[in-house]
Amino acid sequence: MIIVMKAKAKKEELEEVVKKIEKLGYKPHIIQGVERSVIGAVGDERGKAKLQSLEVLSGVDKVVPILKPYKLASRDIKPEGTVVSIDGRVEIGGNKIVVIAGPCSVESEDQIIESAHIVKEAGADILRGGAFKPRTSPYSFQGLEKKGLILLAKAKEKVGLPVVTEIINPKDVDLVAEYSDIMQVGARNVQNFALLKKLGRHNKPILLKRGMSTTVEEFLMSAEYILSEGNKNVILCERGIRTFETATRNTLDLSCIPVLKERTHLPVIVDPSHATGFWSYVAPMSYAAIAAGADGLMIEVHPNPEDAESDGIQSLKPHKFTALMENLKAYIAAAGRI
Ligand code: PEP
Ligand code: MN
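Here goes a summary of the coordinates provided. (Residues numbered from 1 in each chain as written. Chains lettered and ligands numbered in written order. Predicted model: local features only at pLDDT ≥ 70, side-chain atom pairs only at ≥ 80, totals over all residues. Heavy atoms only, no water.)

## Topic: the site of ligand 1
Around ligand 1 sit Cys-104, Arg-128, Lys-133, Glu-166, Gln-184, Gly-186, Ala-187, Arg-188, Lys-209, Arg-239, His-274 and Glu-300, and those are all the residues in its vicinity. Here Arg-188 contributes a side-chain N or O atom positioned 2.9 Å from an oxygen atom of ligand 1. Within the complex, the protein chains bury 97% of what would otherwise be the 300 Å² of accessible surface of ligand 1. For ligand 1, the cavity whose grid points lie within 2 Å of the majority of its atoms is the largest pocket. When its residues are assigned to classes, the shell around ligand 1 shows two nonpolar, three polar and seven charged. (Near = heavy atom within 4 Å. Polar contact = N/O pair within 3.5 Å; in protein donor to acceptor, adjacent residues only side chain to side chain. Areas by Shrake-Rupley, 256 points an atom, 1.4 Å probe, with all protein chains shown as cover. 1 Å grid on protein atoms, 1.4 Å probe; cavity = no way out; pocket = protein on both sides within 12 Å on 5 of 7 lines; lining within 4 Å. Sits in = over half its atoms within 2 Å of the grid points. Nonpolar A, V, L, I, M, F, W, Y, C, P; charged D, E, K, R; others polar.)

As structure tokens, then:
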């Protein structure tokens, strides 16, 4: 249920509603809107009629049900959209298109620092680099783990870009949070509910990737797991889904962008690198993602893709990334973004 407060509701009136929601056995989530506050009351669906009685309280305008299975992720609760602040330096979900770029994996100090310089000079806003790698084969490079996190933080320090890196195991949440500005949940962990719940109890922004076979509804239910534990800083990322087509690594589901934008207030970004699996398809799909309404892009860039430990074939060479960033400007302007 959503409890919509009156535009002029006082703080005490809001507090009274919060107390009543808790007394009825529901969990209140306050969402401060531009004009008014709304409170999401989540809990056992069967007893929700009891919440209707809150309509008689003085600060309450109306009590409306959320019909979707995801509640806190639903746009009904926050029509104006969420803007996630990254360390107070970058905002995702505002008018500005945000570009996250860097190598698939952190491989060495030189490699990640060189990558950071390259992507920063080209105009990227955030540096990416995996330290814990979820590889299909146990014989493939698994990442430098803690050492990789330390090197990524070093690159952040040196170059001055916030960083994002993947978290795989719930036991590493505090460790990864210490060295990163955004924690990434990869496609393979989108329904690792133990991990999602643990991340929900943190306040670090979470970049949640869509699984290769999760529907939009399942994807939003995964976001709901994080939101329902209290972490409101969730960014969604479409990275391609598995279809019958084998010419590309995955099929980039561009249509999910307007669908997500309609159904959720959370920011949506696109990863054309994992979606296509080949460097030459990355630029056209980046342009298309902006046209479709994405709030940003995540792009793999490597100083020497031919030597990369992972995903070299889909990684852009530095000069290709610089050209992409330049060409992107016209698409960004055409989409009315900055
Ligand atoms: C990645 O970003 O390096 C990655 C492993 O992506 P995905 O989870 O989308 O496959
Ligand atoms: Mn990769």
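## A closer look at the pairing of strand β10 (residues 182–185)
Within a regular strand, side chains alternate between the sheet's two faces. Where burial is concerned, the two faces of β10 agree: the one with Ile-182 and Gln-184 and the one with Met-183 and Val-185 are both buried. For strand β9 (residues 163–166) and β10, the ladder comprises three bridges, and the chain directions are parallel. In the sheet register, Val-164 faces β10, and the bridge partner there is Ile-182. On the question of chirality, the crossover connecting β9 to the parallel β10 by way of helix α4 (residues 173–179) is right-handed. Taken together, the three bridges between β10 and strand β11 (residues 206–209) define a ladder with parallel strand orientation. (Buried < 20%, exposed > 50% of the residue type's maximum accessible area, 1.4 Å probe, protein only. Helix = DSSP H or I, 4+ residues; strand = E, 2+ residues; numbered from the N terminus. Pairing = 2+ DSSP bridges. Right-handed = clockwise from strand over helix to strand, strands pointing away.)

## Comments concerning the coordination of the manganese ion (ligand 2)
Ligation of the manganese ion (ligand 2) by protein atoms is provided by Cys-104 (SG), His-274 (NE2), Glu-300 (OE) and Asp-311 (OD), these donors lying 2.0 to 2.3 Å from the ion. Written as a sequence motif, the donor arrangement for the manganese ion (ligand 2) is C-x169-H-x25-E-x10-D. Taken as a pair, Cys-104 in the loop between β7 (98–102) and α2 (109–122) and His-274 in helix α8 (residues 272–276) lie far apart in primary sequence, 170 residues in all. Across this residue pair, the class does not change: Cys-104 and His-274 are buried. (Donors = N, O, S within 2.8 Å, 3.2 Å for Na, K, Ca; no water.)

Fair warning: the whole summary comes from geometry, so function is off the table for now.
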